[in-house]
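# Architecture at a glance
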Amino acid sequence: MDLQSSETADMQIVTVNEARIDAAVAIRFKDRMREVTGTGAPHVILDLAQVDFIDSSGLGAIVAAMKQLGATRRLDLAGLSANVDRVFRLTRMDSVFTIHDDVAQAQAVYAG
Amino acid sequence: MPESFRLEFPSEELAVRRALERLRHWLLAAGWDGAVPGKVELVLGEVLNNVVEHAYDGKMDGLIVLSCRARGAGLAFDVKDAGREMPGLALPKRRPAKLDCALDDLPEGGFGWFMVHELTEDLAYHRVAGRNALTFSVIPDDQR
């Protein structure tokens, strides 16, 4: 599970360099997220622009990754493809996460 | 392009991935575009991983048979396995996850069958001669 992280003072961007977050990799994704977001910025943006498939196991792992951040840090999502967006809308999880069109939009929201 | 698709594969997550990939190629070659291939992959991913995890309980030598053919405006699917029956010999209910709760209580599972119900028509389950058979259709949004 290839995750790449970059960080500024109050924002961490975690880029998923994978095409799928599915049942075969959901646990690895959750564990890798725990590693890369162990300490850090109050806002974490998960960049899903390269992901074209998420199933219910992948969705559960993203929810778990948000819970791992605790009460004071937030996990936002960015760059959802149509297939990924469908999963969040169908399950109403789009009401739980703040979803940005892309990383640039998230950066604009949290700048300053 | 043949009008139907049939694939047999073992009850294992990476075999499911390969089956989904072959099905997607068949759908694209058969002229299905727009949202249909994505919806089909989501539904079949849930259904097939359920067979792997629950019907075969993680045992990787079970057989899964997936068939698909064009029917009416959409696609008719048939998934068979020789694993354990569905609890109560019935499909899991169409039940959305409860999200009006504290962050820590948000569900990390239970989304799969709800999405399958939402994205399919004529979803039916039968247990015949020690085998599970799940049938359903996926129809383009503008034909539903």
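Parameters at a glance
- Residues numbered from 1 in each chain as written.
- Chains lettered and ligands numbered in written order.
- Predicted model: local features only at pLDDT ≥ 70, side-chain atom pairs only at ≥ 80, totals over all residues.
- Heavy atoms only, no water.
- Salt bridge = Lys/Arg side-chain N within 4 Å of Asp/Glu carboxyl O.
- Buried < 20%, exposed > 50% of the residue type's maximum accessible area, 1.4 Å probe, protein only.
- Contact = heavy atoms within 4.5 Å.
- Buried area = accessible area lost by both parts, 1.4 Å probe.
- Helix = DSSP H or I, 4+ residues; strand = E, 2+ residues; numbered from the N terminus.
- Nonpolar A, V, L, I, M, F, W, Y, C, P; charged D, E, K, R; others polar.

Moving on to the pattern of salt bridges. Residue and element names in this part refer to chain A. For the structure on display, the rule yields 15 salt bridges over all chains. Here Arg20 ties to Asp22 by a salt bridge, and the two come within 3.0 Å at their closest N and O atoms. Given the relative accessible area of 14%, Arg20 is considered buried. When its relative accessible area of 3% is taken as the criterion, Asp22 is described as buried.

This part takes up the interface of chain A and chain B. Taken together, the contact pairs 26 residues of chain A with 26 residues of chain B. Roughly 2200 Å² of surface becomes buried between chain A and chain B when both sides are summed, with 65% attributable to carbon and sulfur atoms. Considering only the side of chain A, the residues that lose the most area to chain B are Lys67, Arg86 and Leu90 of chain A, jointly responsible for 28% of the buried surface there. Across the chain A-chain B interface, the total number found is four salt bridges. The residue Asp22 of chain A makes a salt bridge to Arg17 of chain B at a minimum N-O spacing of 2.8 Å. Among the elements that take part in the side of chain A that touches chain B, helix H2 (residues 56-68) of chain A stands out by supplying seven residues, more than any other. A per-class count over the side of chain A that touches chain B returns 13 nonpolar, six polar and seven charged.

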